[in-house]
Protein chains: 2
Amino acid sequence: MRNFIIVGHKAATSPNFSLEDIPGTSGRLDILCRGITAAFVLSHGIRKDVWVYLVLLGGEVPKNICLKGETLRHLNPDERTTAALLKKALALEATSEWSMSTSGIFVRTGGLSRVLDDLKSVRMIYLREDGADIRSLGPGALAKDAAFILGDHTGMTPEEETMISEAGAEVVSLGPTSLHADHCVVLINNELDRIEKEESL
Amino acid sequence: MRNFIIVGHKAATSPNFSLEDIPGTSGRLDILCRGITAAFVLSHGIRKDVWVYLVLLGGEVPKNICLKGETLRHLNPDERTTAALLKKALALEATSEWSMSTSGIFVRTGGLSRVLDDLKSVRMIYLREDGADIRSLGPGALAKDAAFILGDHTGMTPEEETMISEAGAEVVSLGPTSLHADHCVVLINNELDRIEKEESL
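Residues numbered from 1 in each chain as written. Chains lettered and ligands numbered in written order. Predicted model: local features only at pLDDT ≥ 70, side-chain atom pairs only at ≥ 80, totals over all residues. Heavy atoms only, no water.

**Things to note about the confidence of the model for chain A**
Per-residue confidence for chain A gives a mean pLDDT of 94, with 98% of residues at or over 70. With pTM at 0.96, the complex prediction returns an ipTM value of 0.95. (pLDDT = per-residue confidence, 0-100.)

**Remarks on the pairing of strand β8 (residues 123-133) of chain A**
Residue and element names in this part refer to chain A. For β8 and strand β9 (residues 146-150), the ladder comprises four bridges, and the chain directions are parallel. Within β9, the position partnered with Tyr 126 by the bridge is Ile 149. Here β8 runs beside strand β10 (residues 170-173); their pairing, made up of five bridges, is parallel. Considered in β10, the bridge of Leu 127 is made with Val 172. (Pairing = 2+ DSSP bridges. Helix = DSSP H or I, 4+ residues; strand = E, 2+ residues; numbered from the N terminus.)

**Quick look at the sheet that holds strand β7 (residues 105-109) of chain A**
All names here are of chain A. Within the open sheet, the eight strands sit side by side as β6-β7-β5-β4-β1-β9-β8-β10. Their pairing is mixed. Only two strands of the sheet have a single neighbouring strand rather than two, namely β6 (99-100) and β10. Direction of pairing for strand β1 (residues 2-8) relative to strand β4 (residues 50-56): parallel, over a ladder of seven bridges. Looking at β4, one finds that Ile 6 is bridged to Leu 54. In the packing of helix α2 (residues 29-40) onto the sheet, the strands contacted are β1, β4 and β5 (63-68), and the crossing angle to β4 comes to about 170°. (Contact = heavy atoms within 4.5 Å. Axes fitted to C-alpha atoms, helices over the stretch in contact; angles between N-to-C directions.)

**Considerations on the interface of chain A and chain B**
Contact residues are listed per partner, giving 36 residues for chain A and 35 residues for chain B. Of the roughly 3000 Å² buried between chain A and chain B on both sides combined, carbon and sulfur atoms contribute 53%. Across the chain A-chain B interface, the total number found is four salt bridges. Across the pair Arg135(B) and Glu191(A) runs a salt bridge, and its minimum N-O distance is 2.6 Å. Linking chain A with chain B are 19 residue pairs in polar contact (both at pLDDT 80 or more). Of all the secondary structure elements, the ones that give two or more residues to the side of chain A that touches chain B are α2, β2 (41-42), α3 (79-91) and α6 (181-200) of chain A. (Buried area = accessible area lost by both parts, 1.4 Å probe. Salt bridge = Lys/Arg side-chain N within 4 Å of Asp/Glu carboxyl O. Polar contact = N/O pair within 3.5 Å; in protein donor to acceptor, adjacent residues only side chain to side chain.)

**Focus: the packing of aromatic side chains**
Residues and elements named next belong to chain A. Enumeration over the complete set of coordinates arrives at six aromatic pairs over all chains. Considering the side-chain rings of Trp 51 and Tyr 53, the 6.3 Å spacing of their centres and the 55° angle between planes classify their relative orientation as tilted. Site record: aromatic cluster; members linked through ring pairs are Trp 51, Tyr 53 and Trp 98. Its end group placed over the ring of Phe 106, Lys 68 keeps NZ or CZ at 4.5 Å from the ring centre. The cationic tip of Lys 87 hangs over the ring face of Phe 17; the distance from NZ or CZ to the ring centre is 4.6 Å. (Phe/Tyr/Trp six-rings, centres within 6.5 Å; stacked < 30°, edge-to-face > 60°. Lys NZ or Arg CZ within 6 Å of the ring centre and 35° of its normal.)

**Quick word on the relation of the copies chain A and chain B**
Mapping chain A onto chain B leaves a residual RMSD of 0.0 Å; the transformation is a rotation of 180° accompanied by 0.0 Å of translation along its axis. These values place the two chain copies in the arrangement generated by a two-fold rotation axis. (Least-squares fit on C-alpha atoms with pLDDT ≥ 70 in both.)

**Examining the pattern of salt bridges**
All names here are of chain A. One pass over the full model with this rule turns up 33 salt bridges over all chains. Here Asp 30 makes a salt bridge to Arg 28, at a shortest N to O gap of 2.8 Å. Residue class for Asp 30 comes out buried when judged on its relative accessible area of 0%. By sharing partners, the salt bridges in this structure join Arg 2, Arg 47, Asp 49, Asp 193 and Glu 196 into a single network. (Buried < 20%, exposed > 50% of the residue type's maximum accessible area, 1.4 Å probe, protein only.)

**Considerations on the packing of α2(A) against α3(A)**
All names here are of chain A. One way to put it is that α2 packs onto α3 with a least axis distance of 9 Å and a crossing angle of 110°. As summarised for this structure, α2 and α3 are arranged roughly perpendicular, according to the angle between their axes. Within the contact between the two elements, α2 uses Leu 29, Asp 30, Cys 33, Arg 34, Ile 36 and Thr 37 and α3 uses Glu 79, Thr 82, Ala 83, Leu 86 and Leu 90. Here the contact of α2 with α3 is composed, by residue class, of six nonpolar, two polar and three charged. (Parallel < 35°, antiparallel > 145°, perpendicular 65-115°, else oblique. Nonpolar A, V, L, I, M, F, W, Y, C, P; charged D, E, K, R; others polar.)

Set out below in structure tokens:
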């Protein structure tokens, strides 16, 4: 299973944003929407072996949204459709337990620490420019069950850096250029596709 | 210079599409919009060394749009802003010569053959699943001046395949999974970033 954790530091936790201006009204939920499509969307279908955890920190009470590939429905490759799905999830009354919004999409209250706690048995990899090159880890080094932690345009806070480090995450880089979260997700999926192919031969 | 050619077989050549439903009203211009942002957008800025050529085949008269990184303005990472820029370009009266719409964006009448002709002095690479692995080409093998040819969700027609082959394009693959054009662009940019870094050491 491939898990992607994407932290939206200003991302809306209420559905009161406009689909006509997602970047300007939702605390840059557009970044998370593109991360979601990068994680799931294939040329002909949806990746079933992916879960995406969003950490939305732009409201009074932080929220987590989890999207699970095996049951995910109604996801199209465009940004607006994805934002509409998140809007629906955010309109649900969130409690500390997961509630299902549409098929494969779940919401609860919680910040980054809860998600890290959920995934504590999984190999954690934090994407940062100064990490070890993902390609240098070698084919066997990336477990099939792994969680990849990505920030948004504002970068992680020192408290988050500590939390991620205490969760035992390795720091890994994708290349010499600083990229948006969704582009990072594309590169990780490609690396994992290649490793799975190699291991299946 | 990195050139990306993206063919939109049903893509609108008129500005009469809705920004509220880009996939449903524009002949999937959304695919091309995401290809554009994948080509240009960095975490903090725009890639200056990129040109994107769009081939729009969904109208009576085919059109080319060219976006040039060194002078490109008003491009944001979200899909809707990009679609609005294309809408402006398509509202211009296109002739067989390039006309500038907004800064760095140009439009003319023409199909794939005109773009291939413009780039005939450049190394051409056609992305297709059955090609040679891009990583097996080796660091020196990808010239800095290269043009990468990508299709949309419908794939190339036999006539286009012939045209591309006659233009001398090599067939290259990005990995074991069939991906959307924008994800392909992300992977190509990463490969070229790595090669440039290696060559600069």
